[in-house]
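# Chains, contacts and geometry: an overview
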Amino acid sequence: MKEEKAKTIPVVYSRIGYGVFVVLGLYHVVVNHDLIEGAGSMAIGLIFDPFNDQIPWNERPRWQKIWLVAHLGIAAGLLGYGMAVK
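Let me sum up the structure you'll find in this document. Computed from a prediction, not measured in an experiment: that's the story for all the values here.

The rules we used
- Residues numbered from 1 in each chain as written.
- Predicted model: local features only at pLDDT ≥ 70, side-chain atom pairs only at ≥ 80, totals over all residues.
- Heavy atoms only, no water.
- Axes fitted to C-alpha atoms, helices over the stretch in contact; angles between N-to-C directions.
- Helix = DSSP H or I, 4+ residues; strand = E, 2+ residues; numbered from the N terminus.
- Parallel < 35°, antiparallel > 145°, perpendicular 65-115°, else oblique.
- Left-handed = near helix turned anticlockwise from the far one by under 90°.
- Contact = heavy atoms within 4.5 Å.
- Nonpolar A, V, L, I, M, F, W, Y, C, P; charged D, E, K, R; others polar.
- Phe/Tyr/Trp six-rings, centres within 6.5 Å; stacked < 30°, edge-to-face > 60°.
- Expected span 1.5 Å × (residues − 1).
- Buried < 20%, exposed > 50% of the residue type's maximum accessible area, 1.4 Å probe, protein only.
- Arc of directions from axis to C-beta.

### Quick notes on the packing of helix 2 (residues 35–45) against helix 3 (residues 62–85)
Viewed as axis vectors pointing N to C, helix 2 and helix 3 meet at an angle of 160°, and their least axial separation amounts to 8 Å. Judged by the angle between their axes, helix 2 and helix 3 are roughly antiparallel. Along this stretch, helix 2 crosses helix 3, giving a crossing that reads as left-handed. Where helix 2 approaches helix 3, its residues Leu35, Ile36, Ala39, Met42 and Ala43 are matched on the opposing element by His71, Ile74, Ala75, Leu78, Leu79, Tyr81, Gly82 and Met83. Its residues assigned to classes, the contact of helix 2 with helix 3 comprises 11 nonpolar, 2 polar and no charged.

Written out as structure tokens, the structure reads:
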């Protein structure tokens, strides 16, 4: 059998998707004051890896790992705080 490569979207489209969901999350937090919706949008933004997704996690530069883990921490913090407040 022939192995098929997983189809990936180009980095440009990933960055656009990432940016759109980060801005949408910030909109929910700042304008609508809905922390849970903001956290959800921020977390969905992580689906669109803004960096080259062909590079395995162990081979990525440290700053990219820090960026993605910090983004996940912010989304989780917003979710936790939003649930505690409601």
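### Section: the packing of aromatic side chains
One pass over the structure, following the stated rule, counts 2 aromatic pairs. Each ring, one from phenylalanine 51 and one from tryptophan 63, has its centre 5.2 Å from the other, and the planes form 85°; the classification is edge-to-face. Taken together, the positions of phenylalanine 51 in the loop between helix 2 and helix 3 and tryptophan 63 in helix 3 put the pair 12 residues apart, joining distant regions of the chain.

### Quick look at helix 1 (residues 11–30)
Helix length check: helix 1 (20 residues) gives 28 Å between terminal C-alpha atoms against 28 Å at 1.5 Å per residue, within 8%. All of the buried residues in helix 1 are Ser14, Gly17, Tyr18, Val22, Gly25 and His28. The buried residues of helix 1 occupy an angular sector of 130° when the element is viewed end-on, so they sit on one face. Within helix 1, the exposed residues directed more than 90 degrees away from the buried face are Val12, Tyr13, Val23 and Val30. Tucked into the core, helix 1 has its buried residues touching helix 2 and helix 3.

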